[in-house]
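Reading the structure
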Amino acid sequence: MQLKANFLRFKISVVCAHKPLPKSQQSMIFRRFSGRFLTAIPDSCKLKFEAKRSFRSDAALEAIANALEEKVPNLVLYNYPSFSGAFSALFAHLYHYRLRLPCLILPFSSLIPFRVEDLCLEGFERCYLLDFVVPKDFACQKTACEIVCFDHRNSALKRIGLIKEEHKKRLKIYVDTETSSSKAVYKYFSSKLTDQRSSEVEALSLLSVEDKTRVESVLDYIEDIDLRRWMLPDIKAFSFGLKDWRSRINCIINPYMYEQLLKISSADLIAYGNSYFSSRLIDAKKLLKLNKAFKIRLGRGLYGECLGMRADGNHQLSDELGKLLSLQSSAAGLRPIGAVTFVQRNNLKMCLRSTDAITNTSEVAKAYGGGGTSSSSSFIIRMDEYNQWISKLG
């Protein structure tokens with residue numbers, strides 16, 4: 001029982017194939033677990049899975065060895081901890097599950113990557129790389145394994161350019177900087193599933209009618225973040241709500257990852273994010289009432305004047321405080337900028353915020369070695385310089 005429990009902690013997407021199992025796999029049976037089929041452990045395998053966060057753990061390496069032994073034809077590696085990577089893994093899982101095709105799915109971290117010798121690609125027929133392009137050492141390996149990869153980053157185009165033409169023959173590379181990887185993978189596997197339709201097989205769909213609208217809405221928001229557009233309504237609230245899911249998108253330590261991803265609702269994430277931001281705004285208003293604002297001479301007056309305050313011990317509210325000060329500063333006839341200053345790691349840091357679409361706070365930050373956007377920027381300032389900027393309001 002303990003061996004089975006350990007197996008369930010390590011999620012491997014291996015599903016039943018249509019054709020009869022070979023003798024080496026006849027001991028494998030299928031059981032229903034939390035809404036999906038998982039393979040029982042072959043008698044020949046001695047699994048010693050450990051729920052480690054290391055991506056080259058004994059569990060991951062032994063899973064690859066077992067897949068090779070059982071001649072699993074498909075290997076899927078997804079970018080971790082990317083949400084596009086996790087949802088791409090979901091779609092790969094659903095595709096192979098619908099067609100009952102054996103498949104091994106593992107997270108791939110660039111910090112602790114698998115080595116070429118770990119994967120033994122020559123033992124697989126096809127390898128999907130989801131949300132990252134093929135590493136150079138993978139591409140150079142001589143193997144009949146077909147590699148299919150998806151990415152949306154501009155940097156992916158540069159990496160592809162470094163691969164020799166002779167190595168590109170067995171590669172299928174899908175890079176679209178206008179479409180997130182998760183959406184591209186979703187369309188890819190949906191189309192492949194549709195192509196499987198025949199007179200003998202009922203039409204299959206990657207997602208149920210119940211899940212389709214909800215999942216596609218989440219993909220829209222993830223794409224808005226991935227492509228750095230930040231244009232959809234409540235996108236910041238969605239992004240904050242999504243962060244709490246990051247620890248759950250490692251299928252090695254979370255066997256329920258696919259069911260959980262299917263249930264994510266953009267409306268729920270936005271509601272959670274807005275609730276959090278609302279509570280922070282209330283806290284910021286209380287703090288602003290307790291701490292008197294003072295005038296800041298930006299760049300000793302070179303960049304005008306605005307209102308500011310110290311927020312030592314409350315730097316987590318710097319964004320909300322800065323925006324409130326920006327409004328007060330504008331009402332006082334000063335530049336519509338709020339300056340929040342606090343000590344961080346023995347340095348004095350100043351954060352500038354503006355609620356005005358025209359004002360550019362980054363010009364000040366860049367002049368002092370910092371950076372940011374027009375509405376949000378920050379920089380480190382020396383105490384003696386800071387003292388030249390402040391003047392208490394009467």
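All of the points below concern the structure found in this document. The shown structure was predicted, so the numbers you read here are calculated from the model rather than taken from an experiment.

Comments concerning the overall build of the chain
- Each helix and strand counted, the chain has 14 helices and 14 strands in total.
- Out of the 394 residues in the chain, the part that is buried amounts to 49%.
- Pairs at least 24 apart in sequence give 66% of the contacts found in the chain among residues at least 6 apart.
- Entry remark: accessible area of the chain is about 19900 Å², with carbon and sulfur atoms responsible for 52%.

A few points about the packing of aromatic side chains
- Applying the stated criterion across every chain yields a total of 19 aromatic pairs.
- Ring centres 5.1 Å apart and planes at 40° place the aromatic pair Y95 and F189 in the tilted group. Here Y95 is found in helix α3 (residues 83-98), whereas its partner F189 is found in helix α7 (residues 181-195), with 94 residues between them in sequence. Accessibility assignment for this pair places Y95 and F189 in one class, buried.
- Note on F150 and Y174: the rings are 4.9 Å apart at their centroids and 10° apart in plane angle, and the pair reads as stacked. Of this pair, F150 sits in strand β6 (residues 146-151) while Y174 is found in strand β7 (residues 171-175), placing the two residues 24 residues apart along the sequence.
- For Y174, a relative accessible area of 35% corresponds to the partly exposed category.
- Linked through ring pairs, Y95, Y128, F150, Y174, Y188 and F189 together constitute an aromatic cluster.
- Taking NZ or CZ as reference, R248 lies 4.1 Å from the ring centre of W245, over its face.

Quick notes on the sheet that holds β7
- A sheet is described by the order of its strands in space; here five strands give the open sequence β4-β3-β5-β6-β7, paired in parallel fashion. Only two strands of the sheet have a single neighbouring strand rather than two, namely β4 (103-108) and β7. Pairs of neighbouring strands in the sheet enclose a mean axial angle of 15°, with direction left out of account.
- Of the strand pairs in this sheet, β6 and β7 are connected by five bridges, and their pairing is parallel.

With respect to the side chain of S182
- Relative to the assigned elements, S182 resides in helix α7.
- Take S182: its relative accessible area is 0%, and that puts it in the buried class.
- In terms of polar contacts, S182 uses its side chain to reach the side chain of S84, at 3.0 Å.
- Other than its neighbours up to four places away in sequence, S182 contacts S84, F87, S88, F91, L219 and I222.

Some points on the environment of S182
- Measuring from C-alpha to C-alpha, the distance between S182 and F87 comes to 5.9 Å, with 95 residues separating the pair along the chain.
- Side chain to side chain, S182 and S180 meet in a polar contact 3.3 Å long.

Section: the packing of α7 against helix α8 (residues 209-226)
- Where α7 meets α8, the axes come as close as 8 Å, and the angle between the chain directions of the two elements is 145°. In this structure, α7 contributes S182, K183 and Y186 to the contact, and α8 contributes K212, E216, L219, D220, I222 and E223.
- Looking at the contact of α7 with α8, its residues break down into three nonpolar, one polar and five charged.

Remarks on the nonpolar core
- Within the largest apolar cluster, 46 residues are counted, with the highest numbers of intra-cluster contacts made by F87, F91, F189 and F238.
- Looking at this core, the element that brings in the most residues is α3, giving nine residues.
- Apart from residues lying up to four places away in sequence, F91 is in contact with S182, V185, Y186, F189, L206, V215 and L219.

Examining unusual backbone geometry
- That bond from Y80 to P81 is cis: its omega, 10°, falls within 30 degrees of zero.
- Inspection of the secondary structure assignment puts P81 in the loop between β3 (74-79) and α3.
- Even without being glycine, D234 reaches a positive phi, approximately 60°.
- Mapped onto the fold, D234 is located in the loop between α8 and α9 (235-243).
- Positive phi is not limited to glycine here, since R345 has a value of about 50°.
- Within the secondary structure, R345 is located in the loop between β10 (338-344) and β11 (347-353).
- Look at R345 and you get exposed, because its relative accessible area is 72%.

Quick look at the packing of α3 against α7
- With their axes 8 Å apart at the nearest point, α3 and α7 run at an angle of 10° to one another. Taken together, the axes of α3 and α7 lie roughly parallel to each other. Contacts from S84, F87, S88, F91, A92, Y95, H96 and R98 of α3 reach α7 at S181, S182, V185, Y186, F189, K192 and L193.
- Of the residues assigned to the contact of α3 with α7, the class counts are eight nonpolar, five polar and two charged.

Cut-offs applied
Residues numbered from 1 in each chain as written. Predicted model: local features only at pLDDT ≥ 70, side-chain atom pairs only at ≥ 80, totals over all residues. Heavy atoms only, no water. Helix = DSSP H or I, 4+ residues; strand = E, 2+ residues; numbered from the N terminus. Buried < 20%, exposed > 50% of the residue type's maximum accessible area, 1.4 Å probe, protein only. Contact = heavy atoms within 4.5 Å. Areas by Shrake-Rupley, 256 points an atom, 1.4 Å probe, with all protein chains shown as cover. Phe/Tyr/Trp six-rings, centres within 6.5 Å; stacked < 30°, edge-to-face > 60°. Lys NZ or Arg CZ within 6 Å of the ring centre and 35° of its normal. Pairing = 2+ DSSP bridges. Axes fitted to C-alpha atoms, helices over the stretch in contact; angles between N-to-C directions. Polar contact = N/O pair within 3.5 Å; in protein donor to acceptor, adjacent residues only side chain to side chain. Nonpolar A, V, L, I, M, F, W, Y, C, P; charged D, E, K, R; others polar. Core = buried A, V, L, I, M, F, W, Y, C linked by side-chain atoms within 4.5 Å. Parallel < 35°, antiparallel > 145°, perpendicular 65-115°, else oblique.

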